[in-house]
Amino acid sequence: MSLQFPDGFVWGAATAAYQIEGSPLADGAGESIWHRFSHTPGRVANNDTGDIACDHYRRWASDLDLMAELGLKAYRFSISWSRLYPEGTGRFNPAGAAFYERLVDGLLKRGIEPYVTLYHWDLPAALDDRGGWLNPDSAAWFADYARGAYRLLDDRVKHWVTLNEPWVIADGGYLHGVLAPGHKSAWESPRVSHNLLRAHGEAVRAYRADGRHRIGLVLNLEPKVAASDAPEDVAAARRGDAYMNRQYLDPVFKASHPPELAEIYGEGWQQPPAGDYALTGEKIDFLGINYYSRGLTVNDPSAWPVRIRTVKNPGATYTDVGWEVVPSAFTELLVRVAREYGNPEVYITENGSAFYDPPTARDCRVDDPLRTQYLKDHLAAVHAAIAQGANVRGYFVWSLLDNLEWALGYSKRFGIVHVDYQTQVRTPKTSAHYYRDVIRRNGL
Ligand code: BGC
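Residues numbered from 1 in each chain as written. Predicted model: local features only at pLDDT ≥ 70, side-chain atom pairs only at ≥ 80, totals over all residues. Heavy atoms only, no water.

Quick notes on the overall build of the protein
Here comes step 1: Tallying secondary structure elements over the protein gives 15 helices and 13 strands in all.
Here comes step 2: For 444 residues, the compact-globule estimate of 2.2 N^0.38 gives 22 Å, and the C-alpha radius of gyration of the protein, at 20 Å, lies within 12% of that figure.
Here comes step 3: Sorting the 444 residues of the protein into buried and exposed places 63% on the buried side.
Here comes step 4: Summarising the internal contacts of the protein: among those between residues at least 6 apart in sequence, 76% fall at separations of at least 24.
Here comes step 5: Looking at charge distribution, the protein has the averaged site of its 47 positive side-chain charges lying 3 Å from that of its 54 negative ones. (Helix = DSSP H or I, 4+ residues; strand = E, 2+ residues; numbered from the N terminus. Rg over C-alpha atoms; globule rule 2.2 N^0.38 Å. Buried < 20%, exposed > 50% of the residue type's maximum accessible area, 1.4 Å probe, protein only. Contact = heavy atoms within 4.5 Å. Lys, Arg positive; Asp, Glu negative; His and termini not counted. Charge placed at Lys NZ, Arg CZ, Asp CG, Glu CD.)

What to know about the side chain of Lys 412
Here comes step 1: The topology assignment puts Lys 412 in the loop between strand S11 (392-398) and strand S12 (417-420).
Here comes step 2: Note on Lys 412: relative accessible area 18%, which makes it buried.
Here comes step 3: A polar atom in the side chain of Lys 412 sits 3.4 Å from the backbone oxygen of Asp 320.
Here comes step 4: Sequence-distant contacts of Lys 412, that is, excluding residues within four places in its chain, are made with Asp 320, Val 321, Ala 354, Asn 403 and Glu 405. (Polar contact = N/O pair within 3.5 Å; in protein donor to acceptor, adjacent residues only side chain to side chain.)

Details of the environment of Ile 416
Here comes step 1: Within the secondary structure, Ile 416 is located in the loop between S11 and S12.
Here comes step 2: A relative accessible area of 1% means that Ile 416 is categorised as buried.
Here comes step 3: On a C-alpha basis, the gap between Ile 416 and Ser 32 in space is 27 Å, while along the polypeptide they are 384 residues apart.
Here comes step 4: The contacts of Ile 416, once residues within four sequence positions are left out, are Leu 70, Arg 371, Val 397, Ser 399, Leu 400, Thr 427, Pro 428, Lys 429, Ser 431, Ala 432 and Tyr 435.

Some remarks on the side chain of Thr 117
Here comes step 1: Within the secondary structure layout, Thr 117 lies in strand S3 (residues 113-119).
Here comes step 2: Among the polar contacts listed, one links the side chain of Thr 117 to the side chain of Arg 76, at a separation of 3.0 Å.
Here comes step 3: Those residues within four positions of Thr 117 in sequence are excluded, and the remaining contacts are Arg 76, Phe 77, Ser 78, Ile 79, Val 161, Thr 162, Leu 163 and Asn 164.

Comments concerning the site of the ligand
Here comes step 1: Taken together, the residues surrounding the ligand are Gln 19, His 120, Trp 121, Asn 164, Glu 165, Tyr 292, Trp 323, Glu 350, Trp 398, Glu 405, Trp 406 and Phe 414.
Here comes step 2: Within the side chain of Glu 405, a nitrogen or oxygen atom sits 2.5 Å from an oxygen atom of the ligand.
Here comes step 3: Its free accessible area being 310 Å², the ligand has 94% of it covered by the protein chains.
Here comes step 4: Its residues assigned to classes, the shell around the ligand shows 6 nonpolar, 3 polar and 3 charged. (Near = heavy atom within 4 Å. Areas by Shrake-Rupley, 256 points an atom, 1.4 Å probe, with all protein chains shown as cover. Nonpolar A, V, L, I, M, F, W, Y, C, P; charged D, E, K, R; others polar.)

Observations regarding the environment of Val 397
Here comes step 1: Its place among the elements puts Val 397 in strand S11.
Here comes step 2: Residue Val 397 is classed as buried on the basis of its relative accessible area, which comes to 2%.
Here comes step 3: As a C-alpha pair, Val 397 and Gly 148 span 249 residues in sequence and 28 Å in three-dimensional space.
Here comes step 4: In contact with Val 397, not counting residues within four places along its chain, are Gly 12, Ala 13, Ala 14, Asn 351, Leu 375, Ile 416 and Tyr 435.

With respect to the sheet that holds strand S9 (residues 308-310)
Here comes step 1: Taken in spatial order, the 3 strands line up as S6-S8-S9 in an open sheet, and their pairing is mixed. On the outer flanks of this sheet lie strand S6 (224-226) and S9, each paired with one strand and no other. On average, each strand axis in the sheet is inclined to that of its neighbour by 45 degrees, with strand direction left out of account.
Here comes step 2: Here 3 bridges tie strand S8 (residues 295-299) to S9, and the two strands are oriented antiparallel to one another. Bridge pairing links Asn 299 to Ile 308 in S9.
Here comes step 3: Sheet strands touched by helix H10 (residues 231-253): S6, S8 and S9. Its angle to S8, the strand with the most contacts, is close to 125 degrees. (Pairing = 2+ DSSP bridges. Axes fitted to C-alpha atoms, helices over the stretch in contact; angles between N-to-C directions.)

Quick word on H10
Here comes step 1: In this model, H10 (23 residues) spans only 29 Å end to end at C-alpha, well below the 33 Å of a helix rising 1.5 Å per residue.
Here comes step 2: Its maximal kink placed at Arg 246, H10 deviates by approximately 60 degrees.
Here comes step 3: Among the 23 residues in H10, 17 count as buried, and that is most of the element.
Here comes step 4: Phi turns positive one or two residues past the end of H10, at Ala 255, with a value near 50 degrees. (Expected span 1.5 Å × (residues − 1). Bend = angle between axes of the 7 residues up to and from the residue.)

Focus on the sheet that holds strand S1 (residues 10-14)
Here comes step 1: Sheet architecture is closed into a barrel: 8 strands sit in the order S1-S2-S3-S4-S5-S7-S10-S11, paired in parallel fashion. Across the sheet, the mean angle separating the axes of adjacent strands is 25 degrees when strand polarity is ignored.
Here comes step 2: With 5 bridges joining them, strand S2 (residues 74-78) and S3 adopt parallel strand pairing. Note that in S3 the partner of Tyr 75 across the bridge is Pro 114.
Here comes step 3: Relative to the sheet, H10 contacts strand S5 (214-220) and strand S7 (286-290), its axis offset from that of S5 by approximately 155 degrees.

Structure follows, in structure tokens:
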């Protein structure tokens, strides 16, 4: 049976600046925390860095041609803050900004709609030296940068995203230290989460003053499902949901924080001033949802500080980064957001999978049956959610290209287009051909 998507459904692909661009210091750009982090030995697998990545900073034009060949209607990318403002605040760098102008113009010329993320984890290092996201001034720094980006591109860009995945920034960057800037603190993490949402709110306010189109926030949401009926596991799943999902959804949509956060962070928790909810709950035009997997959760008192552990589901398929493949959880998540958060307009701003691909493309072909199946099943899951009333308007596959998978370096491949990092040759995988047909038919 064929599944048709609504007319005007937006079909796209997503990337992020540090993961693909390379040339991190070109044209007067400042260092970012990811540049520093990846250049610190032992932080990234194989000591990989984003120095070259997919060399997209120089190959952008042929990459846009590739997007056009795949029939993409939209492209979600992020701006590197330190290309526009090398010191994070103050001095604007026109040469760095020109890259994004070229990119946006090139997209529009090819009939591809730009969706621009302002922050995908690459804070200017100069701002980290001033406390980074721990500094309450970070919200104002971000709003200033956002204003600069709106001034530059709002005449051509109609969809803006403030932050990509504040949970990952607070969890990976400040609680467990596995991502830049590499801190490990249960005191810092909740403060960073709050400052991120304040920064998001300030950027939305700035947009209402200066911008003419639409702006939203991207959250990565992961259903937490208790692995057993034991009350400890049920409570663990609830804690996990509060920590990963409601910590961000609630301040944005419900002017509250989940009560479980006090239990999770203990002495580190500080209830934000009630007055801040007007800012963090500033009305957004759409919610971006990144979905990859669910977490089958058990109670684990030794797992600091949330006391949860994700366990394996025997018989399930797992991706190359160890994530369970569960399309039905995607449908449930979208329906839950619709029911519990006022059915906001939603874009799936990321969804995709890492699977092992042959290291080099043979005969200009890369077969990736598992990724293709993942894509198919998750698109069907989105379709099912729409049929149940979820207001989903578009889908962006993660990712267009194989790229730097953060602390995992180049060892994991999420692209629907294979990248040979020696030659920079791009080869659309079977999944890309499949996706092109989906777009052409506006359905499965
Ligand atoms: C991020 C991407 C990342 C992907 C796969 C998301 O958390 O936004 O940058 O590559 O997941 O891990």
